[in-house]
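Geometric and topological summary
Listed below are the residues making up each chain.
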Amino acid sequence: MVIVPKLVLMLSAADCCPPHAVTDPPRLVWLKENLLRDGWVGPYLLGYPLDGYVQLVSGSHRYEACMQLGMKFPVAVASKNTIELIWGTDEWVDMMTTPPLYEAETWGTSHRIN
């Protein structure tokens with residue numbers, strides 16, 4: 001397995017561009033309810049730097065829910081080239097679901113983000 005280096009940042013919606021519009025409004029409502037109750041649970045969003053922002057490649061509904069709630073969210077930032085090279089591979093899945101090595105000791109199954 002290849003370990004893909006990444007940086008995880010806590011960002012606000014103003015720092016990011018979503019990958020696409022919300023396509024499932026009931027899911028958005030569900031996500032907002034869960035974020036309010038449990039905080040952030042689950043994998044990071046993923047993006048790459050572009051024109052002073054982070055272009056997200058995952059998480060449109062989570063992005064929108066956090067934007068509406070005024071919450072910051074974790075984004076794994078990698079180069080566009082890295083994302084293009086690993087898209088759809090096992091390394092892609094690893095990058096989407098694995099905390100970076102420097103966080104591994106303190107990362108739990110849930111982080112509350114406010």
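Look up: the structure comes first, before these words.
Residue numbers restart at each chain and count upward from 1, following the sequence in its written direction. Reporting of local features is limited, given that this is a predicted model, to residues whose pLDDT is at least 70; pairs of side-chain atoms are given and counted only at 80 or more, and all residues count toward the totals for whole chains, interfaces and linings. Working from all heavy atoms in the structure, the side-chain values ignore hydrogens and water.

1. Observations concerning the sheet that holds strand S4 (residues 45-50)
Put simply, the test is: Strands pair, by our definition, only if DSSP identifies at least two bridges between them. Numbering goes from the N terminus for both helices and strands, where a helix is a DSSP run of H or I of at least four residues and a strand is a run of E of at least two.
A sheet is described by the order of its strands in space; here five strands give the open sequence S1-S6-S4-S5-S2, paired in mixed fashion. This sheet does not close on itself; its edge strands, each paired only once, are strand S1 (7-11) and strand S2 (16-17). As paired strands, S1 and strand S6 (residues 73-77) are joined by five bridges and run antiparallel to one another. Residue pairing in the sheet places Met10 in a bridge with Pro74 of S6.

2. Some words on the packing of helix H1 (residues 25-38) against helix H2 (residues 60-69)
Selection criterion: Axis geometry follows a simple rule: fit a line to the C-alpha atoms, using only the stretch in contact for helices, then measure angles between N-to-C directions, giving values from 0 to 180 degrees. Roughly parallel refers to an angle under 35 degrees, roughly antiparallel to one over 145, roughly perpendicular to one between 65 and 115, and oblique to any angle outside these ranges. In this scheme the handedness of a crossing depends on how the near helix is turned from the far one: anticlockwise by less than a right angle means left-handed, clockwise means right-handed. Whether two residues touch is decided by their heavy atoms; if any such pair falls within 4.5 Å, the residues are in contact.
Two elements in contact, H1 and H2, have axes separated by 9 Å at closest approach and are oriented at 60 degrees. In terms of orientation, H1 lies oblique with respect to H2. Along this stretch, H1 crosses H2, giving a crossing that reads as right-handed. Mapping the contact onto sequence places Arg27, Leu28, Leu31, Lys32, Leu35 and Leu36 in H1 and His61, Arg62, Glu64, Ala65, Cys66, Gln68 and Leu69 in H2.

3. A closer look at the pattern of salt bridges
The line we're drawing: Basic side-chain nitrogens of Lys or Arg form a salt bridge, by our definition, when they fall within 4 Å of a carboxyl oxygen of Asp or Glu. Three labels apply to residues, based on accessible area from a 1.4 Å probe with only protein chains included: buried if under 20% of the type maximum, exposed if over 50%, partly exposed otherwise in between.
For the coordinates displayed, the defined rule picks out two salt bridges. Put simply, Asp38 and Arg37 hold a salt bridge, and the shortest N to O gap is 3.1 Å. Note on Asp38: relative accessible area 32%, which makes it partly exposed. Take Arg37: its relative accessible area is 53%, and that puts it in the exposed class.

What is shown is where atoms sit, not what they do.
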